[in-house]
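Chain residues, written in single-letter form:
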Amino acid sequence: FDLLGNLDCKTIEENDILSDELNSLASRLSVAEENLGSDNKQVMLLKKQYSLLEIKDYVLLEQISKKCNLKPVYILYFYSNAGNCPDYARMCDALTYMRRQYPGLRVYSFDYNLNLSALKTLIALRKLDGTLPALIINNREPVYGFKTFEQIQTLIPELKSLATTTKGD
């Protein structure tokens with residue numbers, strides 16, 4: 001992360017190194033959760049590693065944005081698969097579709113109940129009240145409850161600045 005933060009702005013804009021790594025880890029985590037269950041010890045360890053990587057990427061994105069005068073578009077998505085977030089799967093589907101429609105959009109997903117001090121700090125800083133699912137869009141106030149693709153689009157006027165080409169499934 002320190003190395004990436006020291007790159008010049010042109011190199012940073014041309015390379016999306018961490019995004020590819022995050023997507024790869026997210027896919028592995030999803031498969032592990034489906035096969036082993038979300039409360040499996042190995043799955044929990046992988047989820048913690050993934051969450052830390054996401055937090056680091058988010059912090060780096062904010063630093064680079066200031067340094068390079070960029071205006072990234074991102075969503076912090078807080079959920080729970082412990083039974084207290086009934087719209088978890090539908091919201092995941094809507095956000096996955098958003099990422100396909102807007103490849104420049106960054107979506108960071110966090111299990112609200114994960115026992116991780118960095119995550120608890122992020123939750124406190126964003127002043128979340130525990131209602132799930134919750135979205136933080138570009139550092140604005142939290143948005144609570146399930147939102148459709150169309151509703152999310154309306155919440156993010158900055159999407160117009162992103163390429164609207166669809167990535168392959």
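Criteria and cut-off values
- Residues numbered from 1 in each chain as written.
- Predicted model: local features only at pLDDT ≥ 70, side-chain atom pairs only at ≥ 80, totals over all residues.
- Heavy atoms only, no water.
- Core = buried A, V, L, I, M, F, W, Y, C linked by side-chain atoms within 4.5 Å.
- Buried < 20%, exposed > 50% of the residue type's maximum accessible area, 1.4 Å probe, protein only.
- Helix = DSSP H or I, 4+ residues; strand = E, 2+ residues; numbered from the N terminus.
- Contact = heavy atoms within 4.5 Å.
- Polar contact = N/O pair within 3.5 Å; in protein donor to acceptor, adjacent residues only side chain to side chain.
- Phe/Tyr/Trp six-rings, centres within 6.5 Å; stacked < 30°, edge-to-face > 60°.
- Lys NZ or Arg CZ within 6 Å of the ring centre and 35° of its normal.

Visitor: How should I be thinking about the nonpolar core in this particular structure?
Guide: Nonpolar side chains tend toward joint burial in soluble globular proteins. Counting 45 residues, the largest nonpolar core has I75, L76, F78, L105, L135 and I152 as the members making the most contacts within it. Going through the elements one at a time, α3 (17–36), α4 (41–68), β1 (74–79), α5 (88–101), β2 (106–111), α6 (117–125), β3 (134–137) and α7 (149–155) are the ones with two or more residues in this core. By residue number, the principal contributor to this core is α4, which donates seven residues. Leave out the neighbours within four places in its chain, and F78 touches F110, Y112, L119, L122, I123, L128, L132, P133, A134 and I136.

Visitor: Where do I start with unusual backbone geometry in this structure?
Guide: Negative phi values dominate among residues other than glycine, just as trans dominates among peptide bonds. L132 connects to P133 through a cis peptide bond whose omega is -5 degrees. Inspection of the secondary structure puts P133 in the loop between α6 and β3. Of note, N138 is a non-glycine position whose phi angle comes to about 45 degrees, a positive value. Inspection of the secondary structure assignment puts N138 in the loop between β3 and β4 (143–144). On the basis of relative accessible area, N138 is assigned to the buried category, the value being 16%. Look at N139: it is not a glycine, yet its phi comes out positive at around 65 degrees. Looking at the element boundaries, N139 is found in the loop between β3 and β4. For N139, a relative accessible area of 39% translates into the label partly exposed.

Visitor: How should the side chain of N138 be read in this particular structure?
Guide: Separated by 3.3 Å, the side chains of N138 and E158 make a polar contact. Residues contacting N138, with those up to four places away along its chain left out, are P72, V73, Y74 and E158.

Visitor: Sorry, what's going on with the environment of R126 here?
Guide: Among the secondary structure elements, R126 is positioned in the loop between α6 and β3. At 3.0 Å, the side chain of R126 and the side chain of N139 are in polar contact.

Visitor: Would you take a moment to explain the packing of aromatic side chains for this structure?
Guide: Two aromatic rings, taken as a pair, are described by how far apart their centres are and by the angle between their planes. The full count for this structure, using the stated rule, is six aromatic pairs. In textbook terms, an aromatic cluster arises when at least three aromatic residues are bridged by ring pairs, as seen for Y58, Y74 and Y108. Directly above the ring of F146 sits R90, whose terminal nitrogen or CZ lies 3.8 Å from the centroid.

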